[in-house]
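Breakdown of the fold
Single-letter residue listing:
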Amino acid sequence: MNLLAIDFLETIYNKEKETSLSGKWIRFKDIKDLFKKYEAAFQISELGTSEKGTPIYTLKIGSGEKKLLLWSQMHGNESTGTKALFDLFNCLLLSKQSEINTILESCTLLFVPMLNPDGAEVYTRVNGNNIDLNRDAIDRKAKESKLLRALLEEFNPQFCFNLHDQRTIFNVENTKNPATISFLAPSEEETRALTKGRKETMNVIVAMNTMLQEVIPNHVGRYTDAFYPTATGDNFQKLGFNTILIESGHYPDDYIREVSRKFTFYAIFQGLYHIAKTDNFTSYKAYFKIPNNDKVFYDVIHRYSDSKNDLGYQFRDEIIENKLVSKLVKIEETSLKGKFGHREIVFEH
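Since this is a predicted model, take the numbers as computed values, not measurements.

Within this structure, the stated rule accounts for 22 salt bridges. Across the salt bridge formed by Lys 37 and Glu 18, the nearest N and O atoms sit 2.5 Å from each other. Here Lys 37 is found in the loop between helix H2 (28-31) and strand S1 (43-49), whereas its partner Glu 18 is found in the loop between helix H1 (6-16) and H2, with 19 residues between them in sequence. Close ionic contact of Glu 318 with Lys 327 constitutes a salt bridge, the shortest N to O distance being 3.6 Å. Accessibility expressed as a relative area gives 36% for Lys 327, which makes it partly exposed. Three or more residues are tied together by salt bridges with common partners; here these are Lys 17, Lys 83, Asp 87, Glu 258 and Arg 261.

In structure tokens:
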């Protein structure tokens, strides 16, 4: 297994992080001027436009035979992967490290940093026509879905990276740790058979998890591999394109997803490096040692001496007067037994 050193990742991230991007609400206007600085090293193209006419760009770099396709913000309100990709772009553009050269000599990388700019603009999961792109792989009603599928078939990647954000409710099974990063090798059909492609996908995830366990032990989970017939990852995997799902989640006190951004960057970088250095992707069994995701968290719990009166709250993000605002909303549940709050307030009687 070809693992990157944590010190190396920490140093290069701190040096090359794209400081103009921060927070959870990342729109097309936040990234459009950044493309100019990458023109010298990347091939930058307009893949097409969104339902509302916003350009969707691709960036291509590298000369290797191994083709990798990575996309982010398929859901407009899930931007951690987008920030991590621009951090990576700076590394690919500016760094002279041998690890970068290894990736670029062995791989050809194609990125779609913002697939759903319409959703990103108004901070919604769906696109401009109220379509969830991650449930549109079969019908392909959305322009964005058609563009991604055409790109997939034309580029013919060996591996895909599908970058998402997951909610703060998730923990690592049998722990009180939030699932800061979760992985999935998607199923290809209902029986969740271990096909050759799934095993190869699992192999890359094992490398990423092994590295992350050194820096955030017991904060990495495994997302459910229940088969979703209309989901993008499941269908791409079924078509023979190995698809790695990365879900960026919560880290203590990190509601703007800047800490999880760093670990998302680490995971992507490790995945690319592992693929670049590896020719045999058959070892996969350690994938099943990654604990499952569980759902035990509320953002805030009010505790009372009579536990039957405990109240759970979740933050709900809204755009109000052109600002992202997080409101606490009470969740109606009969019992909070076995549940935990990222913040707990105890009221004594």
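Let us look at the nonpolar core. For soluble globular proteins, the rule of thumb is that nonpolar side chains tend to be buried together. Within the largest apolar cluster, 67 residues are counted, with the highest numbers of intra-cluster contacts made by Leu 109, Phe 111, Phe 161, Leu 212, Ile 246 and Phe 269. When residues of this core are assigned to their parent elements, the largest contribution, 10 residues, is made by helix H9 (residues 259-277).

Our focus in this paragraph is the sheet that holds S1. If you trace the 8 strands from one edge of the open sheet to the other, you get S1-S2-S4-S3-S5-S9-S7-S8, paired in mixed fashion. Looking at which strands have only one partner, the edges of the open sheet turn out to be S1 and strand S8 (220-222). Neighbour-to-neighbour, the strand axes of the sheet open up by a mean angle of 20 degrees, direction not taken into account. Pairing of strand S3 (residues 66-71) with strand S4 (residues 107-112) involves 6 bridges; the strand directions are parallel.

Take the pairing of strand S7 (residues 181-184) next. Residues Ile 181 and Phe 183 line one face of S7 and the alternating positions Ser 182 and Leu 184 line the opposite face, and both faces are buried. As paired elements, S7 and S8 share 3 bridges and run parallel to each other. Looking at S8, one finds that Ser 182 is bridged to Gly 221. Between the parallel elements S7 and S8, the chain passes through helix H7 (residues 196-215) in a crossover that is right-handed.

Attention shifts here to the side chain of His 250. Relative to the helices and strands, His 250 resides in the loop between strand S9 (242-248) and H9. Among the residues examined, His 250 registers a relative accessible area of 1% and is labelled buried. When neighbours within four sequence positions are excluded, His 250 is seen to be in contact with Thr 168, Pro 178, Ala 179, Thr 180, Tyr 255, Arg 257 and His 342.

In this structure the tally under the stated criterion is 22 aromatic pairs. Arranged with centres 6.0 Å apart and planes meeting at 55 degrees, the rings of Phe 35 and Phe 86 form a pair that is tilted. With Phe 35 in the loop between H2 and S1 and Phe 86 in helix H3 (residues 80-94), this pair connects stretches of sequence that are 51 residues apart. On the accessibility criterion, Phe 86 (0% relative accessible area) is buried. Seen in terms of ring centroids, Phe 86 and Phe 89 are 5.0 Å apart; in terms of plane orientation they differ by 70 degrees. Their pairing is edge-to-face. Placement of both Phe 86 and Phe 89 in helix H3 is noted, with a separation of 3 residues, approximately one turn of the helix. By the burial criterion, Phe 86 is buried, and Phe 89 matches it.

Thresholds, definitions, all that
Residues numbered from 1 in each chain as written. Predicted model: local features only at pLDDT ≥ 70, side-chain atom pairs only at ≥ 80, totals over all residues. Heavy atoms only, no water. Salt bridge = Lys/Arg side-chain N within 4 Å of Asp/Glu carboxyl O. Helix = DSSP H or I, 4+ residues; strand = E, 2+ residues; numbered from the N terminus. Buried < 20%, exposed > 50% of the residue type's maximum accessible area, 1.4 Å probe, protein only. Core = buried A, V, L, I, M, F, W, Y, C linked by side-chain atoms within 4.5 Å. Pairing = 2+ DSSP bridges. Axes fitted to C-alpha atoms, helices over the stretch in contact; angles between N-to-C directions. Right-handed = clockwise from strand over helix to strand, strands pointing away. Contact = heavy atoms within 4.5 Å. Phe/Tyr/Trp six-rings, centres within 6.5 Å; stacked < 30°, edge-to-face > 60°.

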